[in-house]
Every structure is written in C-alpha cells, then in structure tokens.
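# Fold and geometry: a report
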Amino acid sequence: MNAAVPVARRAGVLQEFGKLGAFLRRDLLIAWSYRSAFLSDLVALIAQAVLFYFVGLMVDPTKMPQYGGTRTSYMAFVVVGIAITSLLNVGVGRMIAVLRNEQLMGTLESLFLTPTRPTTIQLGLVLFDLVHIPIRMAAILALSVVVFGVEFRPAGLLPATAIVAVFIPFVWGLAATSAAAVLVFRRVTGLLGLGALALTVASGTYFPLDLLPGSLRWSGRFNPVAIALTGVRAALIGGVGWEHLGPQILLLAPMSAATLAAGVYTFRLALEKERRAGTLGIY
Amino acid sequence: MLAVGLMGGAPGLWPAPHAHTPWAIGVQDVSRYFGAKRALHRVSLTVRGGEVHALLGPNGAGKTTLLRILAGLTRPTIGSVRLMGHDVAAGNPLTHRLIGVVPAGDRSFYFRLSGQENLIFFARLHGLLQRDAVARSREVLGGVGLLDAAHLQVAKYSHGMQKRLSVARALLMDPPVLLVDEATHDLDPEGAGRVRELVRAAAGRGAAVIWATQRIDEIRGFADTVTLLYQGEARFTGTVPQLMAYSIPRTYLLRVRNGGLPVHTLATALAQAIGSRGVITADAGGDPEHWVLSLADGVALGDAIVALAGAQFQVLACQEARSQIEEAFLRLTREDTI
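Residues numbered from 1 in each chain as written. Chains lettered and ligands numbered in written order. Predicted model: local features only at pLDDT ≥ 70, side-chain atom pairs only at ≥ 80, totals over all residues. Heavy atoms only, no water.

## Here's the deal with the nonpolar core
Ile25 and Leu70 of chain B are the most contacted members of the largest nonpolar core, which has 161 residues in total. By residue number, the principal contributor to this core is helix H3 (residues 74–105) of chain A, which donates 18 residues. In this view, Ile25 of chain B contacts Leu45, Thr46, Val47, Leu70, Arg82, Leu83, Val177, Ala208 and Ile210 of chain B; residues no more than four positions away in its chain are not counted. Core analysis: the second largest hydrophobic core is formed by 16 residues, Tyr252, Leu270, Ile274 and Phe313 of chain B among them. (Core = buried A, V, L, I, M, F, W, Y, C linked by side-chain atoms within 4.5 Å. Buried < 20%, exposed > 50% of the residue type's maximum accessible area, 1.4 Å probe, protein only. Helix = DSSP H or I, 4+ residues; strand = E, 2+ residues; numbered from the N terminus. Contact = heavy atoms within 4.5 Å.)

## Looking at the packing of H3 of chain A against helix H6 (residues 157–185) of chain A
All names here are of chain A. Where H3 meets H6, the axes come as close as 9 Å, and the angle between the chain directions of the two elements is 25 degrees. When the axis of H3 is compared with that of H6, the two are roughly parallel. In the crossing of H3 with H6, the sense of the turn from one axis to the other is right-handed. Residue-level inspection shows Ile84, Leu87, Leu88, Gly91, Val92, Met95, Ile96, Leu99, Arg100 and Gln103 of H3 in contact with H6, the latter providing Val164, Phe167, Ile168, Phe170, Val171, Trp172, Leu174, Ala175, Ser178, Ala179, Val182 and Leu183. (Axes fitted to C-alpha atoms, helices over the stretch in contact; angles between N-to-C directions. Parallel < 35°, antiparallel > 145°, perpendicular 65-115°, else oblique. Left-handed = near helix turned anticlockwise from the far one by under 90°.)

## With respect to a nonpolar patch on the surface
All names here are of chain A. The grouping of Leu39, Leu42, Val43, Ile46, Val50, Tyr53, Phe54 and Leu57 at the surface amounts to a nonpolar patch, some 740 Å² of accessible area in total. Mapped onto the secondary structure, Tyr53 falls in helix H2 (residues 35–58). Owing to a relative accessible area of 30%, Tyr53 belongs among the partly exposed residues under this scheme. (Patch = residues over 30% accessible without salt bridge, like charges linked within 9 Å, V, L, I, M, F, W, Y side chains within 5 Å. Areas by Shrake-Rupley, 256 points an atom, 1.4 Å probe, with all protein chains shown as cover. Salt bridge = Lys/Arg side-chain N within 4 Å of Asp/Glu carboxyl O.)

## Comments concerning the pairing of strand S12 (residues 251–257) of chain B
Residue and element names in this part refer to chain B. Relative to strand S14 (residues 290–295), S12 runs antiparallel, the two sharing five bridges. Each residue of the ladder has a partner; that of Leu253, found in S14, is Val292. Alignment of S12 against strand S15 (residues 314–320), held across six bridges, turns out to be antiparallel. The residue of S15 that forms the bridge with Leu254 is Cys318. (Pairing = 2+ DSSP bridges.)

## Let's talk about the sheet that holds S14 of chain B
Residue and element names in this part refer to chain B. Taking strand neighbours across the sheet as the criterion, the four strands line up as S13-S14-S12-S15 in an open arrangement whose pairing is antiparallel. The open sheet has two free edges, formed respectively by strand S13 (278–282) and S15, since each of these has just one partner strand. Strand after strand, the sheet turns through a mean of 30 degrees between neighbouring axes, direction not considered. Across the sheet, helix H7 (residues 266–274) lies against S12, S13 and S14, angled at about 165 degrees from S13, the strand it touches most.

## Topic: the packing of aromatic side chains
What the rule picks out here adds up to 11 aromatic pairs over all chains. The interplanar angle of 85 degrees and the centroid separation of 6.5 Å between the aromatic rings of Phe109 of chain B and Phe122 of chain B together place this pair among those described as edge-to-face. Placement of the pair is Phe109 of chain B in the loop between strand S7 (99–102) and helix H2 (115–125) and Phe122 of chain B in helix H2, with a sequence separation of 13 residues. Under the relative-accessibility criterion, Phe109 of chain B is labelled buried at 2%. A relative accessible area of 1% means that Phe122 of chain B is categorised as buried. Linked through ring pairs, Phe23 of chain A together with Phe109, Tyr110, Phe121 and Phe122 of chain B together constitute an aromatic cluster. Stacked on the ring of Tyr34 of chain A, the Lys or Arg Arg112 of chain B has its end atom at 3.8 Å from the ring centre. (Phe/Tyr/Trp six-rings, centres within 6.5 Å; stacked < 30°, edge-to-face > 60°. Lys NZ or Arg CZ within 6 Å of the ring centre and 35° of its normal.)

## A short note on the packing of H2 of chain B against helix H3 (residues 130–143) of chain B
All names here are of chain B. Direction vectors running N to C along H2 and H3 enclose 125 degrees, while the axes themselves pass 8 Å from each other. Here H2 is positioned oblique relative to H3, judged by the angle of their axes. For the pair H2 and H3, the crossing hand works out as right-handed. Contacts between H2 and H3 involve Gln116, Leu119, Ile120, Ala123 and Arg124 on the former and, on the latter, Gln130, Ala133, Val134, Ser137, Arg138, Val140 and Leu141. In the contact of H2 with H3, the residues fall into seven nonpolar, three polar and two charged. (Nonpolar A, V, L, I, M, F, W, Y, C, P; charged D, E, K, R; others polar.)

## Thoughts on the pattern of salt bridges
The final tally for this structure, using the stated rule, is 18 salt bridges over all chains. A salt bridge links Arg94 of chain A to Asp129 of chain A, with the nearest nitrogen and oxygen atoms 2.9 Å apart. Taken together, the residues span a long stretch of sequence, with Arg94 of chain A in helix H3 and Asp129 of chain A in helix H5 (residues 118–146) at a distance of 35 residues. With relative accessibility at 6%, the residue Asp129 of chain A sits in the buried group. Here Lys63 of chain B ties to Glu182 of chain B by a salt bridge, and the two come within 3.5 Å at their closest N and O atoms. Of this pair, Lys63 of chain B sits in helix H1 (residues 63–70) while Glu182 of chain B sits in the loop between strand S8 (177–181) and helix H5 (189–204), and the two are 119 residues apart along the sequence. Taking relative accessible area as the criterion, Lys63 of chain B reaches 4% and is therefore assigned buried.

Structure representation (structure tokens):
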C-alpha cells in the first residue's frame, strides 16, 4: 500500500477538524451579534435553579434515592438531571433548530457546495451548542453548590466525565437521525420532540424512576439517558468509584455505538435521497 | 439539435484534466425527471478552460436544474457529468474543490455576519487556515470592489453588493470551473456589467464558465459559446456568431421621409413602393416618419431600400426590430424540431 495514503488521510482529517473551528467562530460571532440573548440565558439559568430550589423544599427527603449510601437532596438530584438532559437537547432540539434555520436562510446548500464532509457539517452546525451547553452545565452545578449548598463529591468528577464521554456518541447518533429527518421531512419538531420527551420522562430527570409504574420503570433500565443519569448521580452525589460504574459504562457503550452508527448511516441515506430527488435546498 | 464544434481552450492554470477528457466541463446525454415532469432531456455540452459558455433559455427551460447537477446538488436521472475529468455524480465532496458557484438567489449568506466574515467562513470550509482565509478574503473583496464594505453586515448590503459578494465567494479558491446562475437578472446595467467583467476576468485566468441567463442581449460580446435550452432540450449548441448566423432578420424599423406627400397618403405610397417585397406598417407610436418593414421570404433588405428610394422616399435610418440573437432564439424555440 502506498505510504502516502495514510498521511494524506491524516491531513484530510486534520483539515476537517480545522473546519470545525470555522463553524465555532461563525456561531460565536452570530451569537455575539445578539448580545441581549446572552444576558437573558443567564437570567433563565438562575431562575431555573431558584425554581427547583423551592420545589425541592416540598419534597420529602426520605423519598429520594440513595447513591453510594448517601441520600440525595432533590436539588442535587434535579440539577444533575437538567445538566444531562440539556446535552440530550443539543442532540435533538438544537440539531433540528439549526438545520431548519440553515434551510430557511438558504445557506444549507452553500455548505454542501464546499469540499466539506457531511459529518463535519453536521457536527459543525451544533458545535457551538456542544461547547456552550457543558459550560452552562458547569455553571448550573456551580450555582447550586455556591448558592444552594448542594454537595458534590470531587472524587466523582472523573468517573462522571467518563460516563458523559460514553453518553455523547448516543446523543450524536440521535442528532444525526434528527438531521436526517429534517432533511427529508422538513417540519419534524413535533414528532421528534415527543420522542425526546418520552426519553426524558423515562430517564428520571425530574423524579426518581421508582415512582413510575412497573413496566415504565423496567424500560428505564435500558434507556441510555437513565443509565447515564444514574451513573453521573452515583459518581457526583455518592462518590461511587470505577468498580461500581464500570458495568454501567459497559452497558452504555454498545448502545451509544449502535445509535451513532445508525444515525450516521441514516443521515447519509437522507442526503443521497435529497440529491436524487433534487430537493436539498427546498424548505 | 444542432451540434457545432466549440472553440479552442485557454492555457490551463488548473490541475490537468484526465488525458481522455480535454474539457473542463463535460455533460453527456443528461436527462432529469421530477416524477413525470421532464426537466432535462439528453443534454450534452462541453466547455474548455478560459471559455464562457452561455446557457440561454426562458424560465423553466432547465438551466438551473443543469447547474444544480453540475454542482452536485442534484443527481441526473441518466447521463454523466464530469468536471476536469472527475465524475460529479459519484458524490465525492472533493469535486467541490473544482467549482465556484454564484447562485441565482440572495439567500446564501449569513446576514448577521460581515461580508468579510462570510468569506472567511467559506474559505475555511475550503480548507484554508484562518490567517490565509483572512488574506484571501480581503484579496477577493478588493477584486470585486467591496473592500470598503468588508466589515459591514451583509444584511446592510445592497442587492448589487450581495451579488458581487457572491462572485467573490465563488472566486475564493480560483476554481477551474465557475457556474453562474442568472447573476444579472435583477441588477441595473452598471451592476450587471460589473459582474460580467468579473466573470470574464476569471475566464481570462483560465476558468471554464457556464453562465445561465434568459437575457438574450447580454451574451453578445461576452459569451464565447452558447447552448440554447428550451423545455429541457438543447436546441442549439455552438458559438455566438454561429447562433446569430442561424437567424435571418426579417423585421426592420425604418425612418423615412417624403416631403411632397400629405401624411394621410403616406401609408399607401409606401405600400406601393415596397410592393410584393414585404409589408410596411405604421410604427405603434404613430409618428409619420417611423415605419415597421417585414420582408417577404427571399427578399434582401437592400432591394427594399432601393425600391423606397426609387419612389422618392429618403431612408434616414434602418435598424433590426429585434437583435439577431433574439431572432435566432425565437426561431429556435418556435420550431418543434430543428
């Protein structure tokens, strides 16, 4: 085999990686041109934390689950839930919104006229959110610690990060599937929104899964969002180590890989279908 | 369909095309159907580097569909499209390195960003590093006369400025193939002329250009070759002079004077002078000096003028009622089969 081929491939990958920076810069500049949105997002973040703090005051602490022998407060429970599901929102809600926006602005075809791989375009479209949302997640966690006295175990940070890392390909798979649906069906917010809602309800974001009826509780065990949530809560709230989280990561990893592979394949099919139909630019 | 050999190419500045394809753009037997509707039927054309090829046709002729197929945005139902010898339909995004596209509409930029930031973004998607993208963007902005507006939001650009920005984006990577779709259809004459100059300059640097238009007059002195599309079919392919030769102008606007005749007898006297050589009617404006002469088949213009002069009419001016290209266009699109 020609030795130049892997080198060229590596250069190609690096070049594609560099293009992601262009998407990030573009979206940062656009976001900055709407300065008031930054401020309103910050206010919404604080308002959300305050809201759940007062909701938490009504919740009986003995009804809350234990992680690593530590009974969680509702505030700690829900803050982790919000942080993880906001990541899920990038995969479904934001991907639909940004792709639809590109369709409506007429810029989607301009992107596909550049020598950029569809996967890079897909990732680039939500990269700003992928950077912005974790910062937002960190901010809401920090706010809950500093202002509302929530306690997290510093030792759980690394295992929690590992679970999130394994969870991201699942989110990305959903994002690719959502993008494919937008390309082919255009207006899909309602249908995909319902799917995302079902995933969230059956994940234990806002309340423990034990409160759900039997069959739903059982299905939650195979919901990747629920697995990720339980793992991150166990790590951050209970300080549970790798020995307990390992099986959860092993369960989550193949689900993420399968979702990612299915999503990428679906997106390619959708793109080819649109090119064949000649309707890529139609919104 | 008429198939006429095309002109020779300009020196190539680009990656050499495959040895067996001397053309920069090669379209062979391309058909495209949208359900039962036929958008293109067995269209073939070739364009060499340095050549401006006009794609002329009325609305719905299939110009934009053909450009979208060339750009890889739409697949042909059958037929092949090759750019610099590479198959576009294979779906390789790298063929996009070869093309610059000026779309017909305005909605292809990020309006919240400045013109320069838009170009930097697209230059980076073409693989340039940030530093190089900035330098190249400023270079092409200067080239299209938008350097002063580089930092202005695109939302504040005039229509003509947006079109020039579109040309600038298409030229970012100095591509060997330039596809331009109705770039001047809603520009004022000065703006349209400027866009044509920019595109002609790109061809001068070796790019093969396809220029889709329904403006008949703009291709004279601008395009080297032309394909006339009508209802999805190529009715003519050849050089502009060859297209013009295909037309035989039959209708002329005349300015004549005969001081000795009263106005109400002019029409009769003119008709008598022309005789069986044609038909002469008053111009719609009602001016007694302006008339429309339609020649009969086989009659030369000179014979008609001599006949008028012989009847003591002074022919002060004579011009074609329609340009030769327009005549050819109408003739080629009127006939069912050529």
